[in-house]
Number of protein chains: 2
Amino acid sequence: MNDHFARRMANVKPSAIRELLQLGAQPDIISFGGGYPDPALFPLEPLAAVFQEAITGQGRSALQYTLSTGMPRLREQIAERMAREQVRCTADQVLILQGAQQGLDLVAKMLVDRGDTIITENPTFLGALIAFNPYEPRYLAVRTDGEGMDVDQLEQLLVQEKGAKLLYTMPDFQNPTGITLSLARRHRLIELANRFDLIVLEDTPYRDIRFAGDPLPTLKSLDTEERVIYLGSFSKILAPGLRLGWAVASTRLINQLGLLKLAADTQCSTLTMTATSLYLQRYDVESHIAVIRETYRRKKEAMLAAIHAAFPPDITCTNPQGGMFTWVSFPRGFDAARFLAEQALPRAKVAYVPGATFFPVTEEANHARFSYTIQDEATIARGIAELGRLLAPTSAKTRTG
Amino acid sequence: MNDHFARRMANVKPSAIRELLQLGAQPDIISFGGGYPDPALFPLEPLAAVFQEAITGQGRSALQYTLSTGMPRLREQIAERMAREQVRCTADQVLILQGAQQGLDLVAKMLVDRGDTIITENPTFLGALIAFNPYEPRYLAVRTDGEGMDVDQLEQLLVQEKGAKLLYTMPDFQNPTGITLSLARRHRLIELANRFDLIVLEDTPYRDIRFAGDPLPTLKSLDTEERVIYLGSFSKILAPGLRLGWAVASTRLINQLGLLKLAADTQCSTLTMTATSLYLQRYDVESHIAVIRETYRRKKEAMLAAIHAAFPPDITCTNPQGGMFTWVSFPRGFDAARFLAEQALPRAKVAYVPGATFFPVTEEANHARFSYTIQDEATIARGIAELGRLLAPTSAKTRTG
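Since we're looking at a predicted model, the values are computed, not measured.

A word on the overall build of chain A. Assigned secondary structure in chain A consists of 14 helices and 14 strands. Here chain A has a C-alpha radius of gyration of 21 Å; the compact-globule value for 401 residues is 21 Å, and the two agree. The dimensions of chain A, computed from C-alpha atoms along their principal axes, are 65 × 55 × 50 Å. Considering chain A as a whole, with its 401 residues, one finds that 65% of them fall into the buried category.

Below you can see the structure in the form of structure tokens.
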């Protein structure tokens, strides 16, 4: 029994995860660590009003069991939002989930047997690795650059590796790198999925948080053979404490996922679904999202300006066009985890997430994920400047040593 | 991919499940089908107040991410309630779940490999079979009588069947039979678990809904070797729409389950956990439970009186000492599903759940689960009387045919 568990969870490092979750919790630390939305942006009064209405004004139905696939009205509202993204789907092709994270678990449960290959970006979302690991996959991690997953390397790997089943990607403002998959690569990725018979899991919780310009088409909207399973989330546009996300997929796949949802936890909270549906009906979520966008854009600018001013030039960072993270790359040989423990936390009182855990196969120590969402701009500037004071000599030393 | 899914879900009958869920939804039907609590008992005003307080009065923390294991205060409150049941556990040994159903999924995910044996009562809770099936177990179903699982047959099966891992039981007012495991058998079951190296999954969502007398000790309180995983639920004492349950187990097992919870959906809703914790702090949940008990006791009495008055004497039913269900057994050869479709629904406008799907191995067609919770006593009497008018001749015919 223990062997079985140990095998299933071999790649999950509880201490690393707990560390991640707790970094943001210490009061004297300026944390750029947790992937938390800015709580100042939670729409408190509207949420209080719709929960009140859901509890007292819906004939008690919001406290009862409901369909395992989710409240029909909420599924319709999501289908309408998806239509504006050129994703044609019916409400029946929307499955309400306990956050997009549950979609990662259920898709792996549906598709992955021990030893099956999952293709991911390198690096990729830690939560996805945690969700997939209990099904004991093998990972192929595809190199990423400023345009996202390198589709040429993807093609090479697919030619070598017959029988890969599932490609997992976060095409918009990826966690942890902030990078967005380019339009040309989106088309190419769909072509490769068709050619090599892959299911594509498109996980896009940050998609609405675009700082400027028009969104690129979702992979789901480019899907020609019903191969894409789309995951969306209310965590970043409303509040993560609601735990609501959704999947959109072909009728066949969504029905299978719906059965696994029933098996996993019966249904999402009727109350939370009802209140969220009322919120979408009574309030202008697009205006709310516009405020989030503008706030995070300013914070991102503040962080990048501070990094460019304070960090030595051999430390680079991505310039995300949306989302919550920038990915900082230190010179080769630099150990971002060790620097966090020995320097950043004790001396600068600054936290970030060391990048090593985001690599599915071969860990690279010289990166870090910085989130700019929860600190105000002055604190961002101050924290990055403090780090910069420690980094300048270290980095120089690394270069000459 | 399809083969994999088909194999995993072979025993789940989507149509049967959907039928179950929809039986209660038709307005002109008197449904004794769904396992729904009486919505008239939901504490609306208190819940509205605590959700209001959680959203506006907790410094926005109730809408943010929190620990994957659950809100610390709620875990403490549950540990205190468990202590009153003679279950000694710390808050760290409590894991908050998306309903007890999630515990069924996570325990199977932790312990069960394809072909492993799970022991259940015969019949057993359909939701457990749905949760377990994706892990492709083999079932051993142990005969039950008025005292619950037949522990002599259990011992025989364990002697024959080396290597069974998991014993699943609902010892209090079981779903679907309403039967309670006797004290002597509780002790014997723990002895057998120790002797045959079993993990015992004690699922007891109805435990607080006892109509009279003192509760029997939980299996967890009798556990001498940290083999019992206890599952509790707020669905029947507060509201199922909250989707909150919990597990209590040894530190080793709860830590493993906590990791799988993180993998499955990150955490339960911070808001729902915060509001429920506030409810337990501000209101007298025991008084509330006393009202539920008395209400269901009266409804149970009404249903049993009606059955005894209206059904032929060769149709028997259990007399549950708590919970939500009685189990009706028809003469051998009677097909409860066919009678539902051809007679009860169209002619009496009455629904129940045919019993066949509750049998893990060999289905028996001549039983049905009746829930007495959502209909008032007059409607219960009327619905059972209508059924009785149809059953009398059918039963007579079965006897003479």
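Moving on to the relation of the copies chain B and chain A. The pair of chain copies shares a relation made of a rotation about an axis and a shift along it. For these two chains of identical sequence, chain B goes onto chain A by a turn of 180° and a shift of 0.0 Å along the axis, with RMSD 0.0 Å. Both copies are brought into coincidence by an operation consistent with a two-fold rotation axis. A share of 100% of interface residues in chain B that are also interface residues in chain A marks the association as one of identical surfaces.

All right, on to the interface of chain B and chain A then. Listed as interface residues are 67 residues of chain B and, on the opposing side, 67 residues of chain A. Summed over both partners, the interface of chain B with chain A buries about 6300 Å², with 61% contributed by carbon and sulfur atoms. Between Lys109 of chain B and Asp105 of chain A there is a salt bridge, with its nearest N and O atoms 2.7 Å apart. If you look at where chain B meets chain A, you find 29 residue pairs in polar contact (both at pLDDT 80 or more).

The subject of this paragraph is the sheet that holds strand E5 (residues 148-149) of chain A. Residues and elements named next belong to chain A. Spatial ordering of the open sheet is given by E2-E9-E8-E7-E6-E3-E4-E5, a layout of eight strands whose pairing is mixed. Each having just a single partner strand, strand E2 (94-97) and E5 make up the two edges of the open sheet. Alignment of strand E7 (residues 199-203) against strand E8 (residues 228-233), held across four bridges, turns out to be parallel. Note on E8: the bridge partner recorded for Glu202 is Tyr230. Of the strands in this sheet, E2, E7, E8 and strand E9 (245-248) are in contact with helix H10 (residues 251-265), which crosses E2 at around 25°.

As a further point, take the packing of helix H7 (residues 151-160) of chain A against helix H8 (residues 183-196) of chain A. Residue and element names in this part refer to chain A. Interaxial distance between H7 and H8 falls to 10 Å at its minimum, and their mutual angle equals 10°. Considering their axes alone, H7 and H8 lie roughly parallel with respect to each other. For the pair H7 and H8, the contacting residues are Val151, Asp152, Leu154, Glu155, Leu158 and Val159 in the first and Arg185, Arg188, Leu189, Leu192, Arg195 and Phe196 in the second. The class makeup of the residues in the contact of H7 with H8 is seven nonpolar, no polar and five charged.

A word on the packing of helix H3 (residues 44-56) of chain A against helix H11 (residues 270-282) of chain A. Residue and element names in this part refer to chain A. Taken N-terminus to C-terminus, the directions of H3 and H11 make an angle of 120°; their axes are 8 Å apart at the nearest point. It follows that H3 is oblique to H11 by the angle criterion. The two elements H3 and H11 cross, and the hand of that crossing is right-handed. Contacts between H3 and H11 involve Pro46, Leu47, Val50, Phe51, Glu53, Ala54 and Ile55 from the first element and Leu271, Thr272, Thr274, Ala275, Leu278, Tyr279 and Arg282 from the second. Across the contact of H3 with H11, the residue classes tally to ten nonpolar, two polar and two charged.

Before going further, it helps to spend a moment on the packing of aromatic side chains. Tallied over the entire structure, the rule returns 25 aromatic pairs over all chains. Measuring from centroid to centroid gives 4.9 Å for Phe234 of chain B and Trp246 of chain B, while their planes differ by 55°, and the two rings are tilted. With Phe234 of chain B in the loop between strand E8 (228-233) and strand E9 (245-248) and Trp246 of chain B in strand E9, the pair connects residues that are twelve residues apart, well separated along the chain. With respect to class, Phe234 of chain B is no different from Trp246 of chain B; both count as buried. Through successive ring pairs, a cluster of aromatic residues spans Phe32, Tyr352 and Phe370 of chain A.

Moving on: the side chain of Thr272 of chain B. Within the fold, Thr272 of chain B resides in helix H11 (residues 270-282). Separated by 3.0 Å, the side chains of Thr272 of chain B and Ser269 of chain B make a polar contact. Not counting the four nearest positions on each side in its chain, Thr272 of chain B is found in contact with Thr272 of chain A together with Phe51, Leu242 and Leu244 of chain B.

This part is about the nonpolar core. The biggest cluster of nonpolar side chains holds 218 residues, and the ones touching the most others in it are Phe132 and Leu387 of chain A together with Phe132 and Leu387 of chain B. Excluding residues within four positions of it along the chain, Leu387 of chain A makes contact with Phe311, Phe339, Ala344, Ala348, Val350, Tyr352 and Phe370 of chain A.

A word on the sheet that holds strand E14 (residues 367-371) of chain A. Sheet strands line up and pair through hydrogen bonds in the backbone, either parallel or antiparallel. All names here are of chain A. Reading across the sheet, the four strands line up as E10-E11-E14-E13 and stay open at both edges, with antiparallel pairing between neighbours. Each edge of the open sheet carries a strand with a single partner, namely strand E10 (316-317) and strand E13 (353-354). Sheet topology places E10 next to strand E11 (residues 325-329); two bridges connect them, and they run antiparallel. Considered in E11, the bridge of Cys317 is made with Val328.

Take the pattern of salt bridges next. All names here are of chain A. Across all of its chains, the model carries 62 salt bridges over all chains by this definition. Of the charged contacts, one joins Arg84 and Glu286 as a salt bridge, the two residues approaching to 3.2 Å between their closest N and O atoms. You can see Arg84 sitting in helix H4 (residues 72-84) and its partner Glu286 sitting in helix H12 (residues 285-310), a full 202 residues away along the chain. Residue class for Glu286 comes out partly exposed when judged on its relative accessible area of 32%. Put simply, Asp152 and Arg188 hold a salt bridge, and the shortest N to O gap is 3.0 Å. Here Arg188 lies in helix H8 and Asp152 lies in helix H7, a separation of 36 residues in the sequence. One continuous salt-bridge network, built from bridges that share partners, spans Arg81, Arg84, Asp208 and Glu286.

Another point: the pairing of E11 of chain A. Residues and elements named next belong to chain A. For E11, a buried count of five out of five residues is recorded, marking the element as mostly surrounded by other parts of the structure. Judged by which residues are buried, E11 turns out to be covered on both faces: Phe325, Trp327 and Ser329 on one side and Thr326 and Val328 on the other are all buried. Of the strand pairs in this sheet, E11 and E14 are connected by five bridges, and their pairing is antiparallel. Among the inter-strand pairings, Val328 is bridged to a residue of E14, identified as Ala368.

A few words on unusual backbone geometry. Pro176 of chain A follows Asn175 of chain A through a cis peptide bond whose omega is 20°. Positive phi, close to 65°, is recorded for Gln86 of chain B, a residue that is not glycine. Among the secondary structure elements, Gln86 of chain B is positioned in the loop between helix H4 (72-83) and strand E2 (94-97).

Moving on to the confidence of the model for chain A. Residue and element names in this part refer to chain A. On average, residues of chain A score 93 in pLDDT, and 92% of them are at 70 or above. Here residues 396-401 scores under 50 on pLDDT; set against residues more than four positions off or in separate chains, the count is four contacts. Across the whole predicted complex the pTM is 0.94, and at the interface the ipTM reaches 0.94.

On to the side chain of Ser68 of chain A, then. Residues and elements named next belong to chain A. Within the secondary structure, Ser68 sits in the loop between H3 and H4. Here Ser68 falls in the buried class, since its relative accessible area comes to 11%. Beyond its immediate sequence surroundings of up to four residues, Ser68 is in contact with Leu95, Gly258, Lys261, Leu262, Thr266 and Gln267.

Once that is clear, we can look at helix H8 (residues 183-196) of chain B. Residue and element names in this part refer to chain B. Compared with an ideal rise of 1.5 Å per residue, which puts 14 residues at 20 Å, H8 spans 20 Å between its outermost C-alpha atoms and is within 8% of the ideal. The complete set of buried residues in H8 reads Arg185, Arg186, Leu189, Ile190, Leu192, Ala193 and Phe196. Angular distribution of buried residues about the axis of H8 spans 160°; they occupy a single face of the element. Opposite the packed face of H8, turned more than 90 degrees from it, sit the exposed residues Ala184 and Arg195. Within two residues after H8, Asp197 carries a phi angle of roughly 55°, on the positive side.

Calculation criteria
- Residues numbered from 1 in each chain as written.
- Chains lettered and ligands numbered in written order.
- Predicted model: local features only at pLDDT ≥ 70, side-chain atom pairs only at ≥ 80, totals over all residues.
- Heavy atoms only, no water.
- Helix = DSSP H or I, 4+ residues; strand = E, 2+ residues; numbered from the N terminus.
- Rg over C-alpha atoms; globule rule 2.2 N^0.38 Å.
- Buried < 20%, exposed > 50% of the residue type's maximum accessible area, 1.4 Å probe, protein only.
- Least-squares fit on C-alpha atoms with pLDDT ≥ 70 in both.
- Contact = heavy atoms within 4.5 Å.
- Buried area = accessible area lost by both parts, 1.4 Å probe.
- Salt bridge = Lys/Arg side-chain N within 4 Å of Asp/Glu carboxyl O.
- Polar contact = N/O pair within 3.5 Å; in protein donor to acceptor, adjacent residues only side chain to side chain.
- Pairing = 2+ DSSP bridges.
- Axes fitted to C-alpha atoms, helices over the stretch in contact; angles between N-to-C directions.
- Parallel < 35°, antiparallel > 145°, perpendicular 65-115°, else oblique.
- Nonpolar A, V, L, I, M, F, W, Y, C, P; charged D, E, K, R; others polar.
- Left-handed = near helix turned anticlockwise from the far one by under 90°.
- Phe/Tyr/Trp six-rings, centres within 6.5 Å; stacked < 30°, edge-to-face > 60°.
- Core = buried A, V, L, I, M, F, W, Y, C linked by side-chain atoms within 4.5 Å.
- pLDDT = per-residue confidence, 0-100.
- Expected span 1.5 Å × (residues − 1).
- Arc of directions from axis to C-beta.

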